[in-house]
Amino acid sequence: MLIRAGYDLMFEAYAPTPLISMMSVRPERWNDLQTTHRLVSDRAMGMEDYRDVFGNICTRMTLPAGRSTIACDFVIADPGTVDRQSPEAVQHPIAELPADILMYLVASRYCDTDILSNEAWWLFGHIPPGWQRVQAIVDFVHSHLTYGYAYARSTRTAWEAYQEKVGVCRDFAHLSVALCRCMNIPARYCSGYLGDIGIDPVDVPMDFHAWFEVYLGGQWHSFDARHRVPRIGRILMACGRDAADTALTTAFGNVRLESFKVHTDEVTQVPFEQSPAVRLAA
């Protein structure tokens, strides 16, 4: 299947302001791109790509004073299958984990495992380790939190979400990540696209989505406590310890977001003429 995705954002800067965007498709999906994948802007200056320590593609630029737009529009091929299910995937003893995975076991800005640890072991200590325990965490978070845009707060931690019992997709992901780490399961936060593909359309504006991945059986596996059931058409943009590592945009000055549009739709053909190329990063 083919998915057309992208975004169109407008910012107002009160003075020339450096900005970093983290809204490019992860390199793991570059071979699936059917068109050029490039962030474009009407006014931003000095646009340059680089990779961060997590392998995410970041674009640095400077917004001039006034209004500027940044946008992207691309088509990507997708297998059209639901998230991989591997109930046999085992949980590794910590001593056997690769060194680069260990960072996903400890506390981070939004995943305060030190506060949640006792609660996590009380809730999930009796469940067999591995896939079954992760699924139990997903089921718990899905039922424990009430979803709603009105509940969004950029400073909410996993512990606060657990206490307040409300949140948006990032809160569902943060609480799940923190609970997994408390149970010695490496978990990382993910952001990207997830359209209404294979489900009844949802009558709300499209947005980016947050989910999480766990390291079991030597591989990363996607889980989504917001939706709980496996889904079709995830397009990963960035991953890290939590949302602090994967911010869509980071402005180093006074910038206001004026408009925000995201699209993610299944299409039957490439709807515009482009060559299958990718803007590679250093």
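Here the structure is shown first, and the text comes after it.
Residues numbered from 1 in each chain as written. Predicted model: local features only at pLDDT ≥ 70, side-chain atom pairs only at ≥ 80, totals over all residues. Heavy atoms only, no water.

A sheet is described by the order of its strands in space; here 4 strands give the open sequence β11-β10-β9-β12, paired in antiparallel fashion. Lying at the two open borders of the sheet, with one neighbouring strand each, are β11 (219–223) and β12 (235–240). Averaged over neighbouring strand pairs, the angle between their axes works out to 35 degrees when direction is ignored. (Pairing = 2+ DSSP bridges. Helix = DSSP H or I, 4+ residues; strand = E, 2+ residues; numbered from the N terminus. Axes fitted to C-alpha atoms, helices over the stretch in contact; angles between N-to-C directions.)

Among the secondary structure elements, Ala225 is positioned in the loop between β11 and β12. For Ala225 and Val202, which are 23 residues apart along the polypeptide, the C-alpha to C-alpha distance reads 17 Å. Leaving out residues up to four positions away in the same chain, Ala225 has contacts with Val138, Val141, His142, Phe172, Ser176 and Phe212. (Contact = heavy atoms within 4.5 Å.)

Two elements in contact, helix α1 (residues 113–124) and helix α4 (residues 169–182), have axes whose closest approach is 8 Å; the angle formed by their N-to-C orientations is 75 degrees. The orientation of α1 relative to α4 falls into the category roughly perpendicular. Between α1, through Thr113, Leu116, Ser117, Ala120, Trp121 and Phe124, and α4, the contact on the second element is made entirely by Leu175, Ala178, Leu179, Arg181 and Cys182. The residue makeup of the contact of α1 with α4, split by class, is 8 nonpolar, 2 polar and 1 charged. (Parallel < 35°, antiparallel > 145°, perpendicular 65-115°, else oblique. Nonpolar A, V, L, I, M, F, W, Y, C, P; charged D, E, K, R; others polar.)

Attention now moves to the sheet that holds strand β3 (residues 40–41). Here we have 4 strands laid out as an open sheet, ordered β3-β6-β1-β14, and antiparallel in their pairing. The open sheet has two edge strands, β3 and β14 (255–267), and neither has a second partner. The pairing of β3 with strand β6 (residues 66–77) spans 2 bridges and is classified as antiparallel. By the bridge assignment for β6, Val40 is matched with Ala71.

To continue, consider unusual backbone geometry. Trans peptide bonds make up most of the peptide bonds, and negative phi angles are found at most residues other than glycine. In this structure, Lys165 takes a positive phi of about 65 degrees despite not being glycine. Along the chain, the position of Lys165 falls in the loop between α3 (158–164) and β8 (166–167).

The next thing to look at is the pattern of salt bridges. According to the stated counting rule, one finds 16 salt bridges in the structure shown. Arg67 serves as the salt-bridge partner of Glu12, at 3.9 Å between the closest nitrogen and oxygen. Of this pair, Glu12 sits in strand β1 (residues 2–13) while Arg67 sits in strand β6; the two residues are 55 residues apart in sequence, bridging distant segments of the chain. Since its relative accessible area comes to 18%, Glu12 is described here as buried. Ionic pairing is found between Glu258 and Arg67, a salt bridge with its closest N-O pair at 3.5 Å. Of the two residues, Glu258 is situated in strand β14 and Arg67 in strand β6; the sequence distance between them amounts to 191 residues. Under the relative-accessibility criterion, Glu258 is labelled partly exposed at 28%. (Salt bridge = Lys/Arg side-chain N within 4 Å of Asp/Glu carboxyl O. Buried < 20%, exposed > 50% of the residue type's maximum accessible area, 1.4 Å probe, protein only.)

Quick look at the layout of surface pockets now. Of the volumes computed, that of the largest pocket is approximately 1100 Å³. Cys169, Asp207, Phe208, His209 and Leu248 are the residues nearest the centre of the largest pocket, which is lined by 39 residues in total. Sorting elements by how many residues they give to the lining of the largest pocket places β14 first, with 3 residues. In terms of residue class, the lining of the largest pocket is made up of 26 nonpolar, 7 polar and 6 charged. The volume enclosed by the second largest pocket comes to roughly 510 Å³. In terms of lining residues, the second largest pocket is bounded by 22 residues, among which Arg29, Asp83, Glu213, Ser222 and Arg234 are the most central. For the lining of the second largest pocket, the elements supplying multiple residues, two or more each, are β10 (209–216), β11 and β12. Per element, the largest residue contribution to the lining of the second largest pocket is 3 residues, and it comes from β11. A breakdown of the residues in the lining of the second largest pocket according to their chemical character gives 7 nonpolar, 4 polar and 11 charged. (1 Å grid on protein atoms, 1.4 Å probe; cavity = no way out; pocket = protein on both sides within 12 Å on 5 of 7 lines; lining within 4 Å. Points joined across faces, edges and corners; volume = space filled by probe spheres on them.)

Let us look at the pairing of β1. Counting buried positions along β1 yields 9 of 12 residues, so the element is predominantly enclosed. Relative to β6, β1 runs antiparallel, the two being bridged by 12 bridges. Bridge assignment links Ala13 to a residue of β6, and that residue is Gly66. In the sheet, β1 pairs with β14 via 12 bridges, with the strands oriented antiparallel. Counterpart to Ile3 in the pairing with β14 is Glu266.

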